[in-house]
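Observations on the model geometry
Here is how the chains run, residue by residue.
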Amino acid sequence: MIEWFSFSMMPALLLILGGLVLPLFKGISQKAYSLLIPILVLFCMTQIEVGTFGEIDFAGVSLAIFKVDKLSMVFGWVFAIMALVGNIYSLHISDTGQRVAAFLYMGSAFLVVFAGDWFTLLAGWEIMAFASAYLVFASRKEPAVKAGFRYLMVHIAGGVMLLGGIVLHGLDTGSYLFGAIDGAQEGGIAYTLILIAFMLNAAVPPLNAWLTDAYPEATVTGAVFLSAFTTKTAVYVLIRTYPGAEVLIGFGVFMALYGVVFAVLENDCRRLLGYHIVSQVGYMVAGVGIGTEMALNGASSHAFAHILYKGLLFMGAGAVIHMTGKRKLTELGGIYRTMPWTVALYMIGAFAISAFPLFSGFVSKSMVVAAAAGDHHATVALLLMLASSGTFLHTGLKLPYYMFFGKDSGLRPKEPPINMLLAMGIAAFFCIAIGIFPGPLYNILPYAVDFEPYTGVHVTESLGILMFTLLAFVLLLKYLDPENTITIDTDWFYRRGATVFMWLANKPVALWEKTIVTLADGLGLNTLHRLSKHSQTIDTHVVDGAVNGVAKSAMKGGRLLRRLQTGIVSHYILAMAIGLFLVIAVYVLVEGVL
């Protein structure tokens, strides 16, 4: 018997169906409803049991709609927490469209996390792409609309690759159940297509530009949701399908350093934070590539911590943008006087992402670094520690200094609405609680944890790097002033490619089309016109003349016959006699000639 009902399906159904019903509510009732659904999702998470549900055979193919294990529960819990925090943060808005898109986006993320087969995952993957794109479009500004279209086109391309890979993988293996892909398939088309699709959503360079292009253009509240779900669902599916794929180690380290380097150049506060999403996800991708139990635990725990502290950072930056209308560091400064709570809460997120001891990033990031060192990847561990220094330099020092302190911009904004501060406070609480008491997080990780973050070596290493970074910041401060520039990333290639395509369409292709049309109009149509005139002449003078001549002859013959028919019998007898005489005369003449 098929077991259909499971609490594992409820988070996705509650959020997706709840989002579709949400427009029926207005005003206060809509806001209350938008909090009730995430609370119900949290309740459902407490009731979910490990197992597989909704197993069916369709056209000879075995499918399992939902599957729950310890890995999916890690991501499910943090997604549920962030769903509530994000909705509290957005309580002040009245845009129903944004709320619906956010609900569909969160629900589809749960659909991916609890998917038991590839097709369920694909459905969630595609809903995520379209729902999240709306959060960019919702800004309704020209740069946001353009960025939204680029974001959507990139993710549609990724979805097509994922579909192709799934079909080929199913044909190769005979199974469409979602799980680890056999390393024996490495290098195959299916293996490569699925990996590229997942790497695209994880923002692995050079497939990363969609993130730093679109996230800064999203709405203040939309960017908070975006920072939490897309890249982390990608990390989840990479852990699930490609554990131990060594190619990911190099990509992960490159990501960690790439994001830090590009953050140096940024003037837009949310774009800077976007580059640090790339950098932090690099730790997770490297952990997946290392593939040991400690590394996979590190990737999972760092994803959990990252969602909360990165959400807090985006909420802090969003609060500044909401109250000032400014987002460039060159336009901000001196606002700590009137936004002290925002500054304090933001700095908690900054300490967490920088892996300060007693904050959440320390207990998760150090696990990834330790896993690299323990698996004889000393260079990887060293480079990841170097990237951590860059994170503190830009997210923990440069950005808050120029956004809140630095020169006085003359702005005197008030604190943001209380709901925004409350959401930031909840996220800050988790950043501190996880850092001080990592045990509850470690207990839900997919594998048994044999790691102690608070050793003398780990603490002194971390503090030494951070204090050295602080010293460098103080000494080099005058060289770190932000400049009002535009950073060129890998999106330059498809932007220029689109420009070249449009030039080809508007110039050579249009010229060729015009030439063909001109030739067709000049030579082809003129010839047809001349032929039609000749045809008309023939039709008028020959065909019509012959038809009219026959008709006239028939009419004359008819009139003659009408005269002969007098109705007098003697006339008919005379005509018959004349006819008979003529027949005899013709016969005699013919016989005489023969």
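Here the structure is a predicted model, which means the values were calculated and not measured.

**Digging into the packing of aromatic side chains**
All chains considered together, the criterion is met by 28 aromatic pairs. The interplanar angle of 10° and the centroid separation of 6.3 Å between the aromatic rings of Trp118 and Phe198 together place this pair among those described as stacked. Separated by 80 residues along the polypeptide, Trp118 in helix H5 (residues 118-137) and Phe198 in helix H7 (residues 189-201) bring together distant segments of the chain. Here the two residues Trp118 and Phe198 agree in accessibility, since each one is buried. An angle of 65° between the planes, with centres 5.0 Å apart, marks the rings of Phe351 and Phe356 as edge-to-face. In this structure Phe351 comes out as partly exposed when scored by relative accessible area, which is 27%. Judged by relative accessible area, which is 13%, Phe356 ranks as buried. By way of ring pairs, the aromatic residues Phe75, Phe79, Tyr105, Phe110, Phe114, Phe229 and Tyr236 are connected into one cluster.

**Description of the packing of H7 against helix H9 (residues 220-241)**
Contact pair H7 / H9: the axes reach a minimum separation of 7 Å and the direction vectors enclose 145°. Where H7 crosses over H9, the handedness of that crossing is left-handed. Of H9, the residues touching H7 (which contributes Leu195, Phe198 and Asn201) are Thr230, Thr231, Ala234, Val237, Leu238 and Thr241. When the residues that make up the contact of H7 with H9 are grouped by side-chain class, the tally is 5 nonpolar, 4 polar and no charged.

**Examining the nonpolar core**
In terms of nonpolar packing, the biggest core is built from 163 residues, with Phe75, Leu121, Leu162, Phe198 and Tyr242 touching the most fellow members. The element best represented in this core is helix H12 (residues 293-324), accounting for 16 residues. Among residues more than four places away in sequence, those in contact with Tyr242 are Ile181, Tyr191, Ile194, Leu195, Phe198, Val237, Leu248 and Val288. Judged by nonpolar contacts, the second largest core, of 15 residues, contains Val260, Ile290, Val368 and Leu384.

**Here's the deal with a nonpolar patch on the surface**
The grouping of Leu13, Leu17, Leu20, Val21 and Leu24 at the surface amounts to a nonpolar patch, some 480 Å² of accessible area in total. Relative to the elements of secondary structure, Leu13 occurs in helix H1 (residues 10-21). Taking the relative accessible area as the measure of exposure, Leu13 reaches 35% and is therefore partly exposed.

**So, helix H18 (residues 456-475)**
With 20 residues, H18 extends 28 Å from end C-alpha to end C-alpha; this agrees with the ideal 28 Å at 1.5 Å per step. Within H18, the full set of buried residues consists of Ser462, Leu466, Thr469 and Phe473. The arc that holds every buried residue of H18, seen down its axis, measures 55°, which confines them to one face. Exposed residues lying more than 90 degrees from the buried face of H18 are Gly456, Val457, Thr460, Phe468, Val474 and Leu475. Looking at the buried side of H18, the elements it contacts are helix H14 (360-374) and helix H15 (378-404).

**Quick notes on the pattern of salt bridges**
Under the counting rule described, the total for this entry stands at 10 salt bridges. Between Arg271 and Asp268 there is a salt bridge whose closest N-O contact spans 3.9 Å. Of the two residues, Arg271 and Asp268, neither departs from the other in class, the shared state being buried. In this structure, Arg412 engages Asp408 in a salt bridge whose closest nitrogen and oxygen atoms are separated by 2.8 Å. By relative accessible area, Arg412 is classed as partly exposed at 43%. It is possible to trace a salt-bridge network through shared partners that takes in Glu217, Asp268, Arg271 and Arg327.

So, how was this worked out
Counting restarts for each chain: residues are numbered from 1 in the order of the written sequence. Only residues with pLDDT of 70 or above have their local features reported here, since the model is predicted, and side-chain atom pairs are shown and tallied only from 80 upward, although totals for entire chains, interfaces and linings are computed over all residues. Calculation of side-chain values draws on the structure's entire complement of heavy atoms; hydrogens and water are dropped beforehand. Two aromatic rings, drawn from Phe, Tyr or Trp (for Trp, its six-membered ring), form a pair once their centres lie within 6.5 Å of each other, and the interplanar angle then sorts them: stacked below 30 degrees, edge-to-face above 60, tilted otherwise. Only DSSP runs of H or I covering at least 4 residues are called helices, and only runs of E covering at least 2 are called strands; the numbering of each starts at the N terminus. Residue burial is assigned from relative accessible area. The probe radius is 1.4 Å, only protein chains are included, and a residue is buried under 20% of its type maximum, exposed over 50%, and partly exposed in between. Here, axes are lines fitted to C-alpha atoms. For helices the fit covers the stretch in contact, and angles between N-to-C directions go from 0 to 180 degrees. Each crossing gets its handedness from the near helix: less than a right angle anticlockwise from the far helix is left-handed, clockwise is right-handed. Whether two residues touch is decided by their heavy atoms; if any such pair falls within 4.5 Å, the residues are in contact. Ten residues, namely Ala, Val, Leu, Ile, Met, Phe, Trp, Tyr, Cys and Pro, are considered nonpolar, four, namely Asp, Glu, Lys and Arg, are considered charged, and the remaining ones, Gly among them, are considered polar. For this analysis, a nonpolar core means a set of buried residues of the types Ala, Val, Leu, Ile, Met, Phe, Trp, Tyr and Cys, connected via side-chain atoms within 4.5 Å. Grouping into patches uses exposed residues only, defined as over 30% relative accessible area, and leaves out salt-bridged ones; the cut-off is 9 Å for like charges and 5 Å for nonpolar side chains (Val, Leu, Ile, Met, Phe, Trp, Tyr). Here the open area of atoms and residues is found with the Shrake-Rupley method and a 1.4 Å probe, where only the protein chains shown may cover a residue. Salt bridges are defined by distance alone: a side-chain nitrogen of Lys or Arg within 4 Å of a carboxyl oxygen of Asp or Glu. Helices are assigned an expected span. That span is 1.5 Å times one less than the residue count. Note that the arc is defined by the directions from the helix axis to the C-beta atoms.

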